[in-house]
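Commentary on secondary and tertiary structure
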Amino acid sequence: MSPFTYLALALAVISSVIAAPAPVAPETTNLEKRVTHSGRGTFFNVGLGACGKENKNSDLIVAISSQIFGSGGNCEQFMQITNTENGKTAFGLVRDECPGCGAGDIDMSPSLFQALGASLDQGVIKVSWHFEPKGFHP
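These remarks concern the structure in this document. Only a predicted model underlies this, so the values are computations on that prediction, with no experimental measurement involved.

**Some remarks on the sheet that holds strand β6 (residues 124-131)**
Within a sheet, each strand pairs with its neighbour through backbone hydrogen bonds, oriented either parallel or antiparallel. On the basis of which strands lie adjacent, the closed barrel formed by 6 strands has the order β1-β5-β2-β4-β3-β6 and mixed pairing. Averaged over all pairs of adjacent strands, the angle between their axes in this sheet comes to 45°, without regard to strand direction. Where strand β1 (residues 37-43) meets β6, 6 bridges bridge the pair, whose relative direction is antiparallel. Paired with S38 across the strands is S128, a residue of β6.

**So, the state of the cysteines**
By definition, a disulfide links the sulfur atoms of two cysteines through a covalent bond. Under the counting rule described, the total for this entry stands at 2 disulfides. A disulfide bridge connects C51 with C75, and the sulfur atoms are separated by 2.0 Å. Looking down the S-S bond of the C51 and C75 bridge, the torsion is -85°, so its handedness is left-handed. Note that C51 is positioned in the loop between β1 and β2 (61-65) and C75 in the loop between α2 (66-69) and β3 (78-83), a separation of 24 residues in sequence. Sulfur-sulfur distance for the disulfide between C98 and C101 comes to 2.0 Å. On the sign convention where negative is left-handed, the bridge of C98 and C101, at about 75° about the S-S bond, is right-handed.

Rules behind the numbers
All chains use their own residue numbering, which begins from 1 and follows the written sequence. Restriction of local features to residues with pLDDT of at least 70 applies here, the model being predicted, together with a cutoff of 80 or more for giving and counting side-chain atom pairs; totals for whole chains, interfaces and linings are based on all residues. Each side-chain value is worked out from all heavy atoms of the structure, with water and hydrogens disregarded. In short, DSSP must find at least two bridges between two strands for them to pair. Numbering goes from the N terminus for both helices and strands, where a helix is a DSSP run of H or I of at least four residues and a strand is a run of E of at least two. Every angle, taken between N-to-C directions, lies between 0 and 180 degrees, and every axis is a line fitted to C-alpha atoms, over only the stretch in contact when it is a helix. Criterion for a disulfide: a pair of cysteine sulfur atoms at a distance within 2.5 Å.

Right under this line is the structure:
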């Protein structure tokens, strides 16, 4: 091969490397992992909650277990709750702590309990629930 052929081949390789698209770093997105809890759902007569707010029985209020409540980091955070017996779903706002609840159990205002299609005479239902992202409003 002639020196001109080597030069042409070298220039072709170099130009193809230069023309190749540069790799782009992937965009990062901060996603919160949704953890679905399940347990017993009960109701209680609300009042001044552990989050420091006064509540009424007509408010859609949730008390979460002491294990999850901790120092109150979920206060004012909405939860989506499903009555697993009938499939009805409602949103409730965390405003209280439930010292007698197991980790997946929740205590609800009477109006939230009824919004899940349960009668107060039932007293206890099976629920699944998860926190909505902070700042979420239904």
